[in-house]
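# Descriptive analysis of the structure
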Amino acid sequence: RWDQISDIIERKPGGTVPANQLGDEAGPFDRMYHGTASADQWRMDPTRQGESALYGPGYYLTDDPAVAGKYPRTEGELPAIGANIRPADVPRNLELFDAEGADPRQVTRRVLDTLNQLSAEQPERYEGPAARFFDDMRAQMQLAGGADVSNGTIYELLANAGGKKLANEVLADAGYDGIRYNGA
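Residues numbered from 1 in each chain as written. Predicted model: local features only at pLDDT ≥ 70, side-chain atom pairs only at ≥ 80, totals over all residues. Heavy atoms only, no water.

The next subject is the environment of Gly-178. On the secondary structure map, Gly-178 appears in strand 4 (residues 178–180). Along the primary structure Gly-178 and Gly-58 are separated by 120 residues, whereas in three dimensions their C-alpha atoms are 8.3 Å apart. (Helix = DSSP H or I, 4+ residues; strand = E, 2+ residues; numbered from the N terminus.)

Quick look at the structure:
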């Protein structure tokens, strides 16, 4: 679904993209912002964010233009929206993995089911990371005395097992459209 959404997120100087371009099924939209160091690059490129980014490759958006303004590497005042801050109308009905959320049993089940399926379909790519994730998850649960682990820990274990790109692929295959992290 992000392939469709990336076309909505793209903005050009002085131009607008109708929020309803995804069709009625996308539902209402929220205005979000993306900060970039590139004043002349109008198409957001999720591949520019590497493994070192907090959640690996992807679109990094916020509902606060001041937060987006922290990411451009500019001197002095905050850049204006349209210069280094790109507006994006994002559908509200996206299903986001909440990195700070508290529904770990449902998330854990979805991730485990997805890893089992991916391991069966593409063992050369997923079998090793899946085994590491399962072992690490068991160890985390033992450390927690059998209690649930946090969604953030689930992501961290996925990333440790195969890298952030693989973690994002697994979450996408589990039905998540992206990751929500408010920075708390």
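Now that the structure has been shown, we can carry on.
Of note, Tyr-33 is situated in strand 1 (residues 29–35). Classification of Tyr-33 by relative accessible area gives buried; the value is 13%. (Buried < 20%, exposed > 50% of the residue type's maximum accessible area, 1.4 Å probe, protein only.)

Turning our attention to the confidence of the model for the protein chain. Confidence in the prediction for the protein chain averages 74 pLDDT; 68% of positions are at 70 or higher. The low-confidence segment residues 10–24, where pLDDT is below 50, has 24 contacts with residues more than four positions distant or belonging to other chains. (pLDDT = per-residue confidence, 0-100. Contact = heavy atoms within 4.5 Å.)

Looking now at the nonpolar core. By size, the foremost hydrophobic cluster in this structure holds 26 residues, and its most contacted members are Val-111, Leu-115, Phe-133, Leu-158 and Val-170. Listing elements by their share of this core, those giving two or more residues are helix 3 (104–121), helix 4 (123–143), helix 5 (151–162) and helix 6 (164–173). Ranked by residues supplied to this core, first place goes to helix 5 with 6 residues. In contact with Phe-133, not counting residues within four places along its chain, are Val-111, Leu-112, Leu-115, Ile-154, Leu-157, Leu-158 and Ala-161. (Core = buried A, V, L, I, M, F, W, Y, C linked by side-chain atoms within 4.5 Å.)

So, about the packing of helix 4 against helix 6. Following both chains from N to C, one finds helix 4 and helix 6 inclined at 100°, their axes separated by 12 Å at the closest point. Considering their axes alone, helix 4 and helix 6 lie roughly perpendicular with respect to each other. Listed contacts from helix 6 to Arg-125, Tyr-126 and Pro-129 of helix 4 are Leu-166, Glu-169 and Val-170. Looking at side-chain class alone, the contact of helix 4 with helix 6 contains 4 nonpolar, no polar and 2 charged residues. (Axes fitted to C-alpha atoms, helices over the stretch in contact; angles between N-to-C directions. Parallel < 35°, antiparallel > 145°, perpendicular 65-115°, else oblique. Nonpolar A, V, L, I, M, F, W, Y, C, P; charged D, E, K, R; others polar.)

What follows is about the packing of aromatic side chains. Applying the stated criterion to the full structure yields 3 aromatic pairs. On the numbers, 4.8 Å between centres and 75° between planes, the contact of Tyr-55 with Tyr-155 is edge-to-face. Residue Tyr-55 is found in the loop between strand 1 and helix 2 (65–68), and its partner Tyr-155 is found in helix 5; the two are separated by 100 residues along the sequence. Of the two residues, Tyr-55 and Tyr-155, both sit in the buried class. Centroid distance Phe-133 to Phe-134: 6.2 Å. Interplanar angle 65°. Geometry classified as edge-to-face. Judged by relative accessible area, which is 0%, Phe-133 ranks as buried. It is Arg-110 that lies over the ring of Tyr-176; its NZ or CZ is 4.0 Å from the centre. Between Arg-125 and the ring centre of Tyr-126, over which it is positioned, the NZ or CZ distance is 5.3 Å. (Phe/Tyr/Trp six-rings, centres within 6.5 Å; stacked < 30°, edge-to-face > 60°. Lys NZ or Arg CZ within 6 Å of the ring centre and 35° of its normal.)

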